[in-house]
Amino acid sequence: MTKATTQKATEKFESLLVEPARAYGSLTLEYYEKLMATQLEATRRYADFGLAQARAWIDVRDAEGLKKVMEDQQKVAQDLGDHLKADAEKLSGLGQDYLQKSQKLVEESMKSATAEAKTAVDKPADTK
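In short, a report on the structure. Note that this is a predicted model, so its numbers are computed, not measured.

1. Thoughts on the overall build of the protein chain
1) Next: Looking only at helices and strands, the protein chain features two helices and zero strands.
2) Next: Against the globule reference of 14 Å for 128 residues, the protein chain gives a C-alpha radius of gyration of 28 Å, more extended than a compact globule.
3) Next: Counting only C-alpha atoms and orienting by the principal axes, one finds that the protein chain spans roughly 95 × 25 × 10 Å.
4) Next: The buried share of the protein chain, reckoned over its 128 residues, is 12%.
5) Next: Restricting to contacts in the protein chain with at least 6 residues of sequence separation, those with at least 24 account for 75%.
6) Next: Here the protein chain displays about 10200 Å² of accessible surface, and carbon together with sulfur accounts for 61% of that area.

2. Quick word on the packing of aromatic side chains
1) Next: Applying the stated criterion to the full structure yields three aromatic pairs.
2) Next: Ring geometry for tyrosine 24 and tyrosine 98: centres 6.4 Å apart, planes at 45°, overall tilted. Of the two residues, tyrosine 24 sits in helix α1 (residues 3-58) while tyrosine 98 sits in helix α2 (residues 63-122), which places them 74 residues apart along the sequence.
3) Next: Residue classification places tyrosine 24 among the partly exposed positions, given a relative accessible area of 41%.
4) Next: Tyrosine 98 gets classed as buried once you look at its relative accessible area, which sits at 16%.
5) Next: Chaining the aromatic ring pairs together yields one cluster made of Tyr24, Tyr31, Tyr32 and Tyr98.
6) Next: A cation over an aromatic ring shows up here: arginine 45 above the ring of tyrosine 46, its NZ or CZ 5.8 Å from the ring centre.

3. A few points about the side chain of threonine 28
1) Next: The topology assignment puts threonine 28 in helix α1.
2) Next: Taking the relative accessible area as the measure of exposure, threonine 28 reaches 16% and is therefore buried.
3) Next: At 2.9 Å, the side chain of threonine 28 forms a polar contact with the side chain of tyrosine 98.

4. Quick look at the environment of alanine 117
1) Next: Tracing the sequence through the fold places alanine 117 in helix α2.
2) Next: Exposure remark for alanine 117: the relative accessible area of 42% places this residue in the partly exposed category.
3) Next: Distance from alanine 117 to glutamate 30, taken between C-alpha atoms, is 31 Å for residues 87 residues apart in sequence.

5. Quick word on the nonpolar core
1) Next: In this structure, Leu27, Tyr31, Leu35, Leu94, Tyr98 and Leu105 together form the largest nonpolar core, which totals six residues.
2) Next: Within the residue set of this core, elements represented by two or more residues are α1 and α2.

6. Notes on the environment of tyrosine 46
1) Next: In this fold, tyrosine 46 is placed in helix α1.
2) Next: Remark: the alpha-carbon pair of tyrosine 46 and leucine 84, spanning 38 residues in sequence, is separated by 9.2 Å.
3) Next: Sequence-distant contacts of tyrosine 46, defined by excluding residues within four places in its chain, comprise Leu80, His83, Leu84 and Asp87.

Cut-offs and rules
Residues numbered from 1 in each chain as written. Predicted model: local features only at pLDDT ≥ 70, side-chain atom pairs only at ≥ 80, totals over all residues. Heavy atoms only, no water. Helix = DSSP H or I, 4+ residues; strand = E, 2+ residues; numbered from the N terminus. Rg over C-alpha atoms; globule rule 2.2 N^0.38 Å. Buried < 20%, exposed > 50% of the residue type's maximum accessible area, 1.4 Å probe, protein only. Contact = heavy atoms within 4.5 Å. Areas by Shrake-Rupley, 256 points an atom, 1.4 Å probe, with all protein chains shown as cover. Phe/Tyr/Trp six-rings, centres within 6.5 Å; stacked < 30°, edge-to-face > 60°. Lys NZ or Arg CZ within 6 Å of the ring centre and 35° of its normal. Polar contact = N/O pair within 3.5 Å; in protein donor to acceptor, adjacent residues only side chain to side chain. Core = buried A, V, L, I, M, F, W, Y, C linked by side-chain atoms within 4.5 Å.

Structure representation (structure tokens):
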């Protein structure tokens, strides 16, 4: 095998396997970074909700305080529901985006591999 043949084989290996794997790895890493950030943000928000509610209940001293906490519970439940819905939509969007981008990567890789295979069939390697 000549140096030029080795170089050409290395370039084909890079373009057909390494580059797509690197692109997919980068896409996956980006997805998991966004996923974890979203989950940490949601966890923090829900913890804050829970702590605020605990503080509100601890501060109840009389019937008027109990009435206020009970009234606030409806607002808190609504806010929590809204946040849960928004978080679910955000996570779903992240998943859909990841799926679409990974499908595009697969399609591009398949086109490249198909073109390379066609070229190899049309023009056989030098047999010196």
